[in-house]
Amino acid sequence: MSQSTPYTRFQKNLEDVLSILGASDEVRKIFSEPQNIHKNELTINMDDGSSKSFPAFRVQFNNARGPYKGGIRFHEEADENEVKALAALMAIKTAVVNIPFGGAKGGVQCNPKKLSKNEVQSIARAYVNAFKDNIGPDIDCPAPDVNTNPDIMAWMRDEYEKQTKTFSPHVITGKPLSFGGSLGRGTATAKGGFFILKELADREAHDASELKVVVQGFGNAGAHIAHLLHSDGYTVVAVSDSQGGIYNPDGIDPVRVQKYKQKTGSVTGEYCEGSVCDIDRMSMDGVKTVTNEELLEIDCDILVPAALDNVITEENADRIKARYILELANGPTTPEADVILEKNGVMVIPDVLANAGGVTVSYFEWVQGRSGEQWTADRVDLELQRLILEGYKSVRRTVRRENISYRKAAFVVGISRMIESMKVRGWV
Ligand code: NAD
């Protein structure tokens, strides 16, 4: 097993690209560490009258191109190293889709599933209190990430406005529509990935109906892309969540899966209660249950990791049968796995491009917050498609020109744009 961490995995990808770009020592120094690492302990009152503290982070990687931007995750395993890596990926991502932001990320080490709504709200407000001097509409604009949602963004905006005595809807994005959110934000990450897949399928002259898709993770990113692809004629053959997955080589209806997930909490809910499954019903429907490990190795054309990082590794990369991997999750593939996949001719559309739809629509929300305008859903979709496909085409041109992978090419595009701004600012 490799001893890598999220940040060392980022550095490995970075190092290859800095060499391709012939980066100077000054550039290398700036990219070696985030500009700011803010840490705090959030102490809140629990419902039972006790008080409890949670480690919290805000890492600001680079703001050469604009205010820092990046989500906040609430997760037991969120730590400084992970948040640093995610902040760095955000800086590259905003540059790849050419929106005027830098990159940041936040995290609170907690398990919101074990907290009441009241306790989650207290953490959200405590986070803003702890970092209120480090964030702001023109400084650093947070957003949702794993286990954070529009309600949490609304509490955070409210707390920021209270603390600063300002009206600042654009301090944070991913808010509810009724409290300064944007149409289309909920589906933006999946839609961005969907637009890329459609463009790719068109160019390679694939018909959607002949493409089989596997999706790992059935949350915001995964469920939405499963719906979009199914509606467009692709065959979604397997989906999963933290409890496991279901596989049907003839295709699964994500709407049905969603209905059962809502009812039972799991994508396997139509067939299983916990670990007990109705084998007869499954065999009648041609359905099998699969573990998350098995799911990644299913025979398919497109694999969409949309849950966790570090799931495609040197251990399983050789057994991946998909021809295309669309990384809606952040950091699902290790650098060692990338080498194996490249050798096997698997095309990986990397996270910094594939899941950039979320931050792109966050940018539209920020613009709307600044101007007081409300964009229509059609305008959001059209602008998202334009920016994500421009990013994709810049990356594809770089792939061809340099004869490198899509991940390296996306890093080349993003980092070159960051260096251009750093030069103007006299940093390098
Ligand atoms: P989410 O919390 O809405 O959904 C996560 C899904 O993953 C859930 O279905 C959960 O059950 C599943 N999951 C958890 N552990 C799993 C495991 N061990 N195996 C398989 N599935 C598991 O989160 P999300 O917003 O959809 O984010 C998913 C990934 O996409 C993360 O890496 C996130 O950083 C990335 N991402 C999300 C957005 C966004 O706008 N939501 C934007 C960019 C990147």
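Just so it is clear, the structure is predicted and the values come from calculations on it, not from any experiment.

Draft legend 1. Seen up close, the packing of aromatic side chains. Considering all chains together, one arrives at 12 aromatic pairs under this definition. Ring centres of tyrosine 7 and phenylalanine 10 lie 5.7 Å apart, and the angle between their planes is 35 degrees; this geometry places the pair in the tilted category. On the criterion of helical spacing, the pair formed by tyrosine 7 and phenylalanine 10 is a turn pair, its members being three residues apart in helix α1 (residues 6-21). Accessibility classification places tyrosine 7 together with phenylalanine 10 in one group, the buried group. Measuring from ring centre to ring centre gives 5.9 Å for phenylalanine 10 and phenylalanine 61, while their planes differ by 85 degrees; the resulting arrangement is edge-to-face. Here the residue phenylalanine 10 occupies a position in helix α1, and phenylalanine 61 occupies one in strand β2 (residues 51-62), the gap between them amounting to 51 residues.

Draft legend 2. The arrangement of the pairing of strand β4 (residues 103-108) in detail. In terms of residue burial, β4 counts as a mostly covered element, since six of its six residues are buried. Burial along β4 is two-sided: the residues Gly103, Lys105 and Gly107 and Ala104, Gly106 and Val108 are all buried. Sheet analysis places β2 next to β4, joined by six bridges and oriented antiparallel. By the bridge assignment for β4, arginine 58 is matched with glycine 106. By the bridge criterion, three bridges tie strand β3 (residues 68-74) to β4 in an arrangement that is parallel.

Draft legend 3. View of a positive patch on the surface. Positive charge collects at one region of the surface, where Arg203, Lys393, Arg397 and Arg400 lie side by side. Among the elements that take part in the positive patch, helix α14 (residues 377-402) stands out by supplying three residues, more than any other. With respect to the secondary-structure elements, arginine 397 resides in helix α14. Classification of arginine 397 as exposed rests on a relative accessible area of 53%.

Draft legend 4. Representation of the site of the ligand in the model. Every one of the 21 residues lining the ligand counts as a neighbour, but Thr189, Phe218, Asn220, Ala221 and Asn330 are closest to it. Taking arginine 185, its side chain carries an N or O atom lying 3.4 Å from an oxygen atom of the ligand. Relative to its unbound accessible surface of 820 Å², the ligand loses 81% to contact with the protein. Of the residues belonging to the shell around the ligand, the class tally is eight nonpolar, nine polar and four charged. Residue contributions to the shell around the ligand reach at least three from each of two domains, namely domain 1 (35-178) and domain 2 (188-349).

Draft legend 5. Fine view of the sheet that holds strand β6 (residues 212-216). Taken in spatial order, the seven strands line up as β11-β8-β7-β6-β12-β13-β14 in an open sheet, and their pairing is mixed. On the outer flanks of this sheet lie β11 (288-290) and β14 (347-349), each paired with one strand and no other. Across the sheet, the axes of successive neighbouring strands diverge by a mean angle of 20 degrees, strand direction being ignored. Bridge count for strand β13 (residues 324-326) against β14 is three bridges, and the pairing is parallel. Residue tyrosine 324 lies in a different strand from β14, and its bridge partner there is methionine 347.

Draft legend 6. Layout of the pairing of strand β5 (residues 140-144). Along β5, five of the five residues are buried, which leaves the element largely enclosed by surrounding structure. As judged from the five bridges shared by β3 and β5, these two strands associate in the parallel manner. Residue tyrosine 68 lies in a different strand from β5, and its bridge partner there is aspartate 140.

How each quantity is defined
Residues numbered from 1 in each chain as written. Predicted model: local features only at pLDDT ≥ 70, side-chain atom pairs only at ≥ 80, totals over all residues. Heavy atoms only, no water. Phe/Tyr/Trp six-rings, centres within 6.5 Å; stacked < 30°, edge-to-face > 60°. Helix = DSSP H or I, 4+ residues; strand = E, 2+ residues; numbered from the N terminus. Buried < 20%, exposed > 50% of the residue type's maximum accessible area, 1.4 Å probe, protein only. Pairing = 2+ DSSP bridges. Patch = residues over 30% accessible without salt bridge, like charges linked within 9 Å, V, L, I, M, F, W, Y side chains within 5 Å. Areas by Shrake-Rupley, 256 points an atom, 1.4 Å probe, with all protein chains shown as cover. Salt bridge = Lys/Arg side-chain N within 4 Å of Asp/Glu carboxyl O. Lys, Arg positive; Asp, Glu negative; His and termini not counted. Charge placed at Lys NZ, Arg CZ, Asp CG, Glu CD. Near = heavy atom within 4 Å. Polar contact = N/O pair within 3.5 Å; in protein donor to acceptor, adjacent residues only side chain to side chain. Nonpolar A, V, L, I, M, F, W, Y, C, P; charged D, E, K, R; others polar. Domains from an automatic or database assignment. Axes fitted to C-alpha atoms, helices over the stretch in contact; angles between N-to-C directions.

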